[in-house]
Amino acid sequence: MGAQPLAAFARRADALIAGEVPPEDPKPKPPELPLWAKPKGLAPDPKRPGYTQAGDQYKGNAEAQLTVIEFTDFQCHSCARHALETQPVLDEQFVETGKVQWVVKHFPLREHPHAAVAAVAAECAADQGRFGEMQHLLYEKQDDWSQGDVDAALAALAVDLKLDRAAFEACLNSRQALERVLHDLYDAQGVVRQTPTFIIVYGETGTSLRGARPADQFTRILESLLEKTTAVEPELEKSERITE
């Protein structure tokens, strides 16, 4: 896999020609955290309030010791359950108290034909400072907008939020917001396979949590990791990996 020097090809070819077992490839290094999960990428963008330097929407304390990066799909029923039932509890206990920075990224699944355009609608709402409100509305009315004329239904949600409809529809039909969604999809490659998936970053170590959880279970997980961040664990400072 990947580009190799001529010597690596020669060693393998010589062994195979001689009827020998080719030499084993060196063990790969543990994967590093990508930019969107590193402190540099998670830092606030001074030019775009509410966005990280990596270009993602966030809420909470950007200097919190714990960051949760949520990959979501607006047609995913489990994502809706998390957003409507679990997230309000987590916001109250961790985000609003400054303990956790919460980042949202898009991962529209192939089996959900309207999830990508819904993600674009959320980004268009973000251009008018209403990302969180549109996110909540998309989950709350998931069964309504995802059937029939989806573009008209999304425009109606924009009216419900009192957005500038002309600006919203122009954004929805442009490629800029779609490019942001595609950027998240590319970021998720090799890391995310289902929604919701939560990448929890502490120090420079990331761990993934797949699937929606009840609020009490998610709370225990975050409390446990927050305890880790306050403990002296030098090995975490040196590690840059995402584990499951």
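Reference entry: report on the structure contained in this document. (Residues numbered from 1 in each chain as written. Predicted model: local features only at pLDDT ≥ 70, side-chain atom pairs only at ≥ 80, totals over all residues. Heavy atoms only, no water.)

**Here we look at the packing of helix H3 (residues 77-95) against helix H5 (residues 131-140)**
In a packed pair of helices, the relevant descriptors are the angle between the two axes and the axis-to-axis distance. Between H3 and H5, the shortest axis-to-axis distance is 9 Å and the interhelical angle comes to 120°. On the basis of the axis angle, H3 is oblique to H5. In this structure, the crossing between H3 and H5 has a hand that is left-handed. For the pair formed by H3 and H5, the contact residues are Cys79, Ala80, Ala83 and Leu84 on the first element and His136, Tyr139 and Glu140 on the second. Classifying every residue of the contact of H3 with H5 by side-chain character gives five nonpolar, one polar and one charged. (Axes fitted to C-alpha atoms, helices over the stretch in contact; angles between N-to-C directions. Helix = DSSP H or I, 4+ residues; strand = E, 2+ residues; numbered from the N terminus. Parallel < 35°, antiparallel > 145°, perpendicular 65-115°, else oblique. Left-handed = near helix turned anticlockwise from the far one by under 90°. Contact = heavy atoms within 4.5 Å. Nonpolar A, V, L, I, M, F, W, Y, C, P; charged D, E, K, R; others polar.)

**Comments concerning the state of the cysteines**
In this structure the tally under the stated criterion is one disulfide. Each disulfide pairs two cysteine sulfurs, and for Cys124 the partner residue is Cys171, the sulfurs being separated by 2.1 Å. Of note, the bridge from Cys124 to Cys171 carries an S-S torsion of about -85° and is left-handed in sense. Of this pair, Cys124 sits in helix H4 (residues 115-126) while Cys171 sits in helix H8 (residues 165-172), and the two are 47 residues apart along the sequence. The class of Cys124 is buried, set by a relative accessible area of 1%. (Disulfide = S-S within 2.5 Å. Buried < 20%, exposed > 50% of the residue type's maximum accessible area, 1.4 Å probe, protein only.)

**Looking at the packing of aromatic side chains**
A complete count under the given rule lists five aromatic pairs for this structure. Consider the rings of Trp102 and Phe198, whose centres lie 6.1 Å apart with planes at 65°: the pair is edge-to-face. Of the two residues, Trp102 sits in strand S3 (residues 100-106) while Phe198 sits in strand S4 (residues 197-202), which places them 96 residues apart along the sequence. Overall, Phe198 belongs to the buried group, its relative accessible area being 0%. (Phe/Tyr/Trp six-rings, centres within 6.5 Å; stacked < 30°, edge-to-face > 60°.)

**Considering helix H1 (residues 6-17)**
A rise of 1.5 Å per residue sets the reference length of H1, with its twelve residues, at 16 Å; its end C-alpha atoms lie 16 Å apart and thus fit the reference within 8%. Looking at the residues trailing H1, positive phi occurs at Gly19, about 75°. (Expected span 1.5 Å × (residues − 1).)

**Brief notes about the nonpolar core**
The biggest cluster of nonpolar side chains holds 48 residues, and the ones touching the most others in it are Trp102, Met134, Leu138 and Trp145. Beyond its immediate sequence surroundings of up to four residues, Trp102 is in contact with Gln57, Tyr58, Lys59, Val68, Glu70, His82, Gln87, Leu90, Val95, Phe198 and Phe218. Leu42, Ala54, Ile69 and Ile199 belong to the second largest nonpolar core, which has 16 residues in total. (Core = buried A, V, L, I, M, F, W, Y, C linked by side-chain atoms within 4.5 Å.)

**Side note on unusual backbone geometry**
In this chain, Thr195 is followed by Pro196 through a cis amide linkage whose omega measures -10°. In this structure, Pro196 sits in the loop between helix H9 (176-188) and S4. Positive phi values are uncommon outside glycine, yet Lys162 reaches one of about 60°. As for its placement among the helices and strands, Lys162 is situated in the loop between helix H7 (150-160) and H8. Using a relative accessible area of 74% as the deciding quantity, one classes Lys162 as exposed.

These values are about where atoms sit, not about what they do.
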